[in-house]
Amino acid sequence: MIAERGLRLSGPTPLPDAVRRAASRQMISHRSPGFREVVRDVTYRLKPVFGTGSWVLPFTASGTGGLEAAIVNAVDPGDPVLSLSAGFFGERFAEVARHHGAAVHSLNVPWGEALEPEMVREQLSRRRFAAVLVTHNETSTGVLNPVAEICRAIRAESDALVLIDAVSSAAAVPVELERWGADAAVGVTQKALMAPPGLALLAVGERLLRRSGSPGRGRFYFDLGRMVAAVEEGTTTYTPAISIVFALQAALDLIDEEGLEAVFGRHACLADLCRSGLAEIGCEPIASPSRRSPTVTAVRLPRGHSAPELRWVLERDHGLLVAQGRGKWKETVLRIGHMGYVDEEAIRHVIASFAAEVAGG
Ligand SMILES: *Cc1c(COP(=O)(O)O)cnc(C)c1O
């Protein structure tokens, strides 16, 4: 069995006790005054997490459902869309747009590198796009993209809607929907928000709401207008994952108690500790120093080590569960999640376990 504190995936992340208790509460009617209070409270307290004064909409779905919700409200089939991708999740966002019939133009940087504002400028000055897709934190490579600068570059050249995948950054790294001039940011409960999987959180601004207009072709469950109207009444369009809403409320209590700024600071410190500890034993973080993610570290193993084998030994002998590299990185890369319910002791456990198996041999 995995030691409780050794769950170091990039999601789902460990649950604090108070969150587990909240998730096991008895059901109540999702239209009752009591539950409306909870929905109001949760959607209100999520606003600073996304840097918005507008709406944060809780759709019962995984993160990918949230990405689809953003796409189907922003884009019509045939619309030109610019996808900025730095890895697996950037590619998935583009895939969702493609499935919805968008004409997707992809700008891919090599895995391990970051998206930079200069490349965007060039693309946008040449043609018009209805929307631009940007990944904030690329979980597959451990890269944090400079989204503020990218958004500024987009806004300077274009009126395209800016849709941000903030799934593995929200509640660990500042997300500033309004300050960035972005139109949507997608988060989830099972990463830095310390709750079980079950809700996709879609932060949306006025511009996207206007663009999506009345209930349209190609969307029903994810229709934005109806969800905004519901949330304003303290409810959701359809039956939500009630237990996850309770759990999220308990997690927000913990975040508010610590303070959002302090939560960001803790993530930055622990990520630093994790990277320097692993680098010392020859496991170099892949991302360049200025683009390293505060929530997930991807390291290349020293020659002679197989990632699947090491991963298995770490789990069996150290109760430490980390994530494997994706795709072409399967054999050589391991990824350590350090977001949400994580402290210094948990990172020391990661470093000691790797040191025992890698340096000690
Ligand atoms: C985890 C993750 C997703 C997808 O989440 P699901 O809940 O599995 O659908 C999307 N984007 C990023 C950046 C992620 O880290």
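These numbers come from a predicted model, not from an experiment. (Residues numbered from 1 in each chain as written. Predicted model: local features only at pLDDT ≥ 70, side-chain atom pairs only at ≥ 80, totals over all residues. Heavy atoms only, no water.)

Draft legend 1. Quick peek at unusual backbone geometry. That bond from Gly11 to Pro12 is cis: its omega, -5 degrees, falls within 30 degrees of zero. Mapped onto the elements, Pro12 comes out in the loop between strand 1 (7-8) and helix 1 (17-23). Even without being a glycine, Ala171 presents a positive backbone phi close to 80 degrees. Tracing the chain through its elements places Ala171 in the loop between strand 8 (161-165) and helix 8 (177-180). The backbone phi angle of Met194 is positive, close to 60 degrees, even though this residue is not glycine. Tracing the backbone through its elements, the reader meets Met194 in the loop between strand 9 (184-188) and strand 10 (199-204). (Helix = DSSP H or I, 4+ residues; strand = E, 2+ residues; numbered from the N terminus.)

Draft legend 2. Local environment of the site of the ligand. Taken together, the neighbourhood of the ligand is formed by Ser62, Gly63, Thr64, Phe89, Arg92, Asn137, Thr139, Asp165, Val167, Ser168, Gln190 and Lys191. Residue Gln190 places a side-chain N or O atom 2.8 Å away from an oxygen atom belonging to the ligand. Contacts to the ligand include Lys191, whose side-chain N or O atom sits 2.6 Å from an oxygen atom. In the complex, the protein chains occlude 88% of the 390 Å² of accessible area that the ligand would expose alone. Of all the secondary structure elements, the ones that give two or more residues to the shell around the ligand are helix 4 (63-74) and helix 5 (88-99). (Near = heavy atom within 4 Å. Polar contact = N/O pair within 3.5 Å; in protein donor to acceptor, adjacent residues only side chain to side chain. Areas by Shrake-Rupley, 256 points an atom, 1.4 Å probe, with all protein chains shown as cover.)

Draft legend 3. Structural detail: the packing of helix 4 against helix 5. Viewed as axis vectors pointing N to C, helix 4 and helix 5 meet at an angle of 50 degrees, and their least axial separation amounts to 9 Å. Relative to helix 5, the element helix 4 is oriented oblique. The way helix 4 lies across helix 5 gives a crossing that is right-handed. Facing helix 4, whose interface residues are Thr64, Leu67, Glu68 and Ile71, helix 5 presents Arg92, Phe93, Val96 and Ala97. By residue class, the composition of the contact of helix 4 with helix 5 is five nonpolar, one polar and two charged. (Axes fitted to C-alpha atoms, helices over the stretch in contact; angles between N-to-C directions. Parallel < 35°, antiparallel > 145°, perpendicular 65-115°, else oblique. Left-handed = near helix turned anticlockwise from the far one by under 90°. Contact = heavy atoms within 4.5 Å. Nonpolar A, V, L, I, M, F, W, Y, C, P; charged D, E, K, R; others polar.)

None of the figures reported here should be taken as evidence of function without further support.
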